[in-house]
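Residues per chain are reported as follows:
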Amino acid sequence: MNETGDAMTDRERTAKALALGLACGVVIAVGFVAVFDDLLLGASSGLTFGVVIAALLADRWENSS
């Protein structure tokens, strides 16, 4: 809900999904770097999974409203 009590707007939904997805991507990247000791693999995997998670969240929230 936004300030007026309405459902989330598209912009709010996208911003929230992007923030959560990229936060998950950072956690995944740190995990990959810790396990495989490869910064490039961690960065690319974290970014890829973060964008996928953000897209899935945005789609789910769009369909639920």
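Residues numbered from 1 in each chain as written. Predicted model: local features only at pLDDT ≥ 70, side-chain atom pairs only at ≥ 80, totals over all residues. Heavy atoms only, no water.

Caption draft 1: Spatial organisation of the packing of helix H1 (residues 10–36) against helix H2 (residues 39–64). The geometry of H1 relative to H2 is characterised by a closest axis approach of 6 Å and an angle of 150° between their N-to-C directions. Considering their axes alone, H1 and H2 lie roughly antiparallel with respect to each other. As H1 runs across H2, the sense of the crossing is right-handed. (Axes fitted to C-alpha atoms, helices over the stretch in contact; angles between N-to-C directions. Helix = DSSP H or I, 4+ residues; strand = E, 2+ residues; numbered from the N terminus. Parallel < 35°, antiparallel > 145°, perpendicular 65-115°, else oblique. Left-handed = near helix turned anticlockwise from the far one by under 90°.)

Caption draft 2: Structural context of the pattern of salt bridges. Applying the stated criterion to the full structure yields one salt bridge. Among the ionic pairs, Arg13 bridges to Asp10, the shortest N-O distance being 2.5 Å. Here the residue Arg13 and the residue Asp10 both occupy positions in helix H1, the gap between them amounting to three residues, near one helical turn. The class for Arg13 is buried, based on a relative accessible area of 7%. (Salt bridge = Lys/Arg side-chain N within 4 Å of Asp/Glu carboxyl O. Buried < 20%, exposed > 50% of the residue type's maximum accessible area, 1.4 Å probe, protein only.)

Caption draft 3: Up close: the packing of aromatic side chains. Under the criterion given, the structure shown has one aromatic pair. Seen in terms of ring centroids, Phe32 and Phe36 are 5.6 Å apart; in terms of plane orientation they differ by 40°. Their pairing is tilted. One end of the pair, Phe32, and the other, Phe36, are both in helix H1, four residues apart, so they sit about a helical turn from each other. Residue Phe32 is classed as partly exposed on the basis of its relative accessible area of 24%. (Phe/Tyr/Trp six-rings, centres within 6.5 Å; stacked < 30°, edge-to-face > 60°.)

Caption draft 4: Representation of the environment of Leu39 within the structure. Inspection of the secondary structure puts Leu39 in helix H2. A relative accessible area of 65% means that Leu39 is categorised as exposed. C-alpha separation for the pair Leu39 and Ala29, spaced 10 residues apart in sequence, amounts to 8.3 Å.

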